[in-house]
Amino acid sequence: MVYELAELVASLGDSHTAAYPPEGLFNEAFPAGFFGLGDKVYLSGYLEGYEQFEPYLLREIVAVNDVSMEYILEKLASVTDPAHAEGIAEIYTNGYLCPSLLDWAGCGYSEAYVLTGRITASAAIFCMSVFKAELGATVVGAPTGQFTKFFCPRGMNTDIVLPNSRITVQISGTWHEVEGLMEPVYDDEGKLYERENTVLPDVFVEQDIEDLRLGKDSLMEWVWRRGL
């Protein structure tokens, strides 16, 4: 899932915009080190106790667990800014993403889910639209807290302090319309209906108090059962 999402974010083409893996992946490591030169990857070292790698120092790595390095570098290129794709071996063989990708390379996961709730809003609505359009994602959870057409702050300096009351007012200066999701339903006065002013999930799953007491996440429990 991490790499599928990273690929979507990378498609924006901005070298300052990226999706990062969960912190747990930072704890993963391989007993051997490697570095990139041009479009090839070479063995640079190994941890104590793994002396079987010694004869292969500075030798090219052509595959990992029967997955070709060509394929791995191709997948790495898909999760970075396209302008950097030519130097992907140099960039990622010393990066934190590579160990987890080597572990992941060649996986066949194909189902995507978006978990929603009463506080799902703003940029999350855009993400939902992209995931449904690009991945065919199933939306699971409760109705969102915002519809697909909404005002959004235009920048960081959108707060105005009223001179007499000293009340701070936040100004929303940009109107957004997100495509590919539900259209709003208005009454005769032009107001949104209470229920239809949100995006309804494909599958309704509400968090259950008993699950909370047991330390369970109702939405993730549903996804895990579906995966089985």
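Structural data are supplied above this passage.
Predicted model only: the values in this text are computed from it and were never measured.

Undergrad: Where do I start with the side chain of Thr144 in this structure?
TA: Position of Thr144 among the secondary structure elements: in the loop between strand 6 (138-141) and strand 7 (149-152). The exposure class of Thr144 is buried, given its relative accessible area of 2%. Among the polar contacts listed, one links the side chain of Thr144 to the backbone oxygen of Gln146, at a separation of 2.7 Å. Looking at Thr144, its side chain comes within polar contact range of the main-chain nitrogen of Val199, at 2.8 Å. Contacts of Thr144, omitting those with residues within four sequence positions, involve Thr116, Gly117, Arg118, Thr120, Ile125, Met128, Thr198 and Val199.

Undergrad: What am I meant to see in the pattern of salt bridges here?
TA: Side-chain pairing between opposite charges can occur once the charged atoms of the two side chains come close. Applying the stated criterion to the full structure yields 4 salt bridges. A salt bridge links Glu60 to Lys40; the shortest N-O distance between them is 3.8 Å. Separated by 20 residues along the polypeptide, Glu60 in the loop between strand 2 (40-46) and strand 3 (63-64) and Lys40 in strand 2 bring together distant segments of the chain. According to the relative accessible area criterion, Glu60 is partly exposed, its value standing at 39%. Overall, Lys40 belongs to the partly exposed group, its relative accessible area being 34%.

Definitions and limits used
- Residues numbered from 1 in each chain as written.
- Predicted model: local features only at pLDDT ≥ 70, side-chain atom pairs only at ≥ 80, totals over all residues.
- Heavy atoms only, no water.
- Helix = DSSP H or I, 4+ residues; strand = E, 2+ residues; numbered from the N terminus.
- Buried < 20%, exposed > 50% of the residue type's maximum accessible area, 1.4 Å probe, protein only.
- Polar contact = N/O pair within 3.5 Å; in protein donor to acceptor, adjacent residues only side chain to side chain.
- Contact = heavy atoms within 4.5 Å.
- Salt bridge = Lys/Arg side-chain N within 4 Å of Asp/Glu carboxyl O.

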